[in-house]
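# Analysis of the macromolecular model
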Amino acid sequence: MKKIVSILFLFVFTVQIQAQTKNNTSVALPRVTILATGGTIAGAGESATKAAYTAGKVPIDILLSAVPQIHDLAKIKGEQIAQIGSQDMNVEVWLKLSKRINEIFKENSADAIVITHGTDTQEETAYFLDLTVMFDKPVVLVGAMRPSTAMSQDGNKNLLDAVMVAADPKSQGKGVLVAMNELVFDARDVTKTNTTGLSTFQSRNFGPLGLIYDGKVNYYYQSLRNPAKKFDITKATSLPQVEIVYGYADASPVMVDALVNANVKGIVYAGMGNGNFNASVGKALESASKKGITVCRSNRAGSGRITLLNEVDDAALGFVVGDDLNPQKSRVLLMLSLMQTNDRATIQKNFFEY
Ligand code: SIN
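These lines cover the structure that appears in this document, whether it is placed above or below. Here the structure is a predicted model, which means the values were calculated and not measured. (Residues numbered from 1 in each chain as written. Predicted model: local features only at pLDDT ≥ 70, side-chain atom pairs only at ≥ 80, totals over all residues. Heavy atoms only, no water.)

### Thoughts on the sheet that holds strand β14 (residues 320-321)
Keep this limit in mind: Pairing between two strands requires that DSSP report at least two bridges joining them. Labels follow the DSSP assignment, with helices taken as runs of H or I lasting at least four residues and strands as runs of E lasting at least two, numbered in each case from the N terminus. In what follows, a contact means two residues having at least one pair of non-hydrogen atoms within 4.5 Å. An axis is simply a line fitted to the C-alpha atoms; with a helix, the fit covers only the stretch in contact. Between two such axes, the angle follows the N-to-C directions and lies from 0 to 180 degrees.
Pairing is parallel across the open sheet formed by four strands, whose spatial order is β11-β12-β13-β14. Only two strands of the sheet have a single partner each, and these edge strands are β11 (242-246) and β14. As paired strands, β11 and strand β12 (residues 266-271) are joined by five bridges and run parallel to one another. Each bridged residue has a counterpart across the sheet, and for Tyr246 the counterpart in β12 is Ala270. Seen against the sheet, helix α7 (residues 254-261) touches β11 and β12 and runs at an angle of roughly 170° to β11. On the sheet, helix α8 (residues 279-290) packs against β12 and β13 (294-299) and is oriented at approximately 155° with respect to β12.

### Observations regarding the packing of aromatic side chains
Rule in force here: Here the aromatic set is Phe, Tyr and Trp, taking the six-membered ring for Trp, and pairing holds for ring centres within 6.5 Å; pairs whose planes are under 30 degrees apart are stacked, those over 60 apart are edge-to-face, and all others are tilted. Only protein chains enter the calculation, and the probe is 1.4 Å; a residue is then buried if its accessible area is under 20% of its type maximum, exposed if over 50%, and partly exposed in between.
Scanning the entire structure with this criterion turns up five aromatic pairs. Judged by centre distance (5.8 Å) and plane angle (55°), the ring pair of Phe105 and Phe135 falls under tilted. Residue Phe105 is located in helix α4 (residues 91-106), and its partner Phe135 is located in the loop between α5 (122-132) and β4 (139-142); the two are separated by 30 residues in the primary sequence. On the accessibility criterion, Phe105 (3% relative accessible area) is buried. Site record: aromatic cluster; members linked through ring pairs are Tyr269, Phe277 and Phe319.

### Digging into the site of the ligand
Operational definition: Put simply, a residue is near a molecule or strand once any heavy atom of it comes within 4 Å of that molecule or strand. The definition of a polar contact used here is a pair of N or O atoms within 3.5 Å, where within protein one atom must be able to donate a hydrogen and the other to accept one, and adjacent residues in sequence count solely through side-chain atom pairs. Side-chain classes are defined by residue name, with Ala, Val, Leu, Ile, Met, Phe, Trp, Tyr, Cys and Pro counting as nonpolar, Asp, Glu, Lys and Arg as charged, and the others, Gly among them, as polar.
In the vicinity of the ligand, the residues found are Gly39, Thr40, Tyr53, Gly85, Ser86, Gln87, Gly118, Thr119, Asp120 and Ala144. In this structure, Thr119 approaches the ligand through a side-chain N or O atom, which is 2.4 Å from an oxygen atom. A distance of 3.0 Å is found between an oxygen atom of the ligand and a backbone nitrogen or oxygen belonging to Asp120. The residue makeup of the shell around the ligand, split by class, is two nonpolar, seven polar and one charged.

### Re the pattern of salt bridges
We apply this condition: A pairing counts as a salt bridge when a side-chain nitrogen of Lys or Arg comes within 4 Å of a carboxyl oxygen of Asp or Glu.
Counted according to the given criterion, the structure contains 15 salt bridges. Residue Arg188 pairs with Asp324 through a salt bridge whose shortest N-O separation is 2.7 Å. With Arg188 in the loop between β6 (183-186) and β7 (191-192) and Asp324 in the loop between β14 and α10 (327-340), this pair connects stretches of sequence that are 136 residues apart. According to the relative accessible area criterion, Arg188 is buried, its value standing at 4%. Across the pair Arg225 and Asp323 runs a salt bridge whose closest N-O atoms are separated by 2.8 Å. With Arg225 in the loop between β10 (216-219) and β11 and Asp323 in the loop between β14 and α10, this pair connects stretches of sequence that are 98 residues apart.

Put into structure tokens, the structure is as follows:
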């Protein structure tokens, strides 16, 4: 009799422990908030096989319901921040997004954030957030090259992977990440390299940080360019105007002169080779610089660094160089830098540190 009571006790105890473990498992799932902004991942077309579609059509709840597996990885919440093709991404949405992320982390209502975003300007948003999100919890951007209605669409798998990356404790402290096509990239280095291909996202200078396979992320590298010091955009409602001018053979000064007349605060020059310009554009840039417009030399080559005082006498001309940032990311850093200072030495330091 004593033995039967003991066995019974053991059985009840085990069942209780199992139930508790099960509950604890669901409680222990990380809380991931998904902020939706539109893009092809939320795109819809008339046909599963034709290319035509409109970006930013499908709302967040429909996107999430298409990938029920994300609920096995995290406690999910969704929020619609914008519903646009990322060609229309702008400073207003960047500020809204960054402020919302800082707020969510400050009030501790999520452990990680995933942002669904069009791929065209995803890298710019990723870098902007990298420079302005004050917390080192995972923030992962994701998109798709094929709309949600296409045969063999890539959005659902990319979203599942992005949630997995966000929920992984190893993703903490790596700065803002981009998860696309089973690769994880650093926000600073990633760029879109192909107009339509699925493997469009690359980090041309340094490669991806990690690989996603079979529901796991394996990291191999980490960027050293994610300083703890961030730009505080809490009070910002706009950013100083910075525009990009493209360099090419026989370019005229017309574009630079127009920007000077428009009173821009900064010009990123996407130069040839090591950020080079011809004589007439050089003169126009020099004159812009002397009028107080910060000129940052970048390049149109797609990879490599701009080296200071190499072929160009940056010190004499008052120019700064964008290091290995591409023109569109140089613009992001220049806008944020100009929000704080006009001092060229400080701005140059930012380009070598951020
Ligand atoms: C967009 O950037 O919104 C359109 C293209 C895409 O998401 O792939």
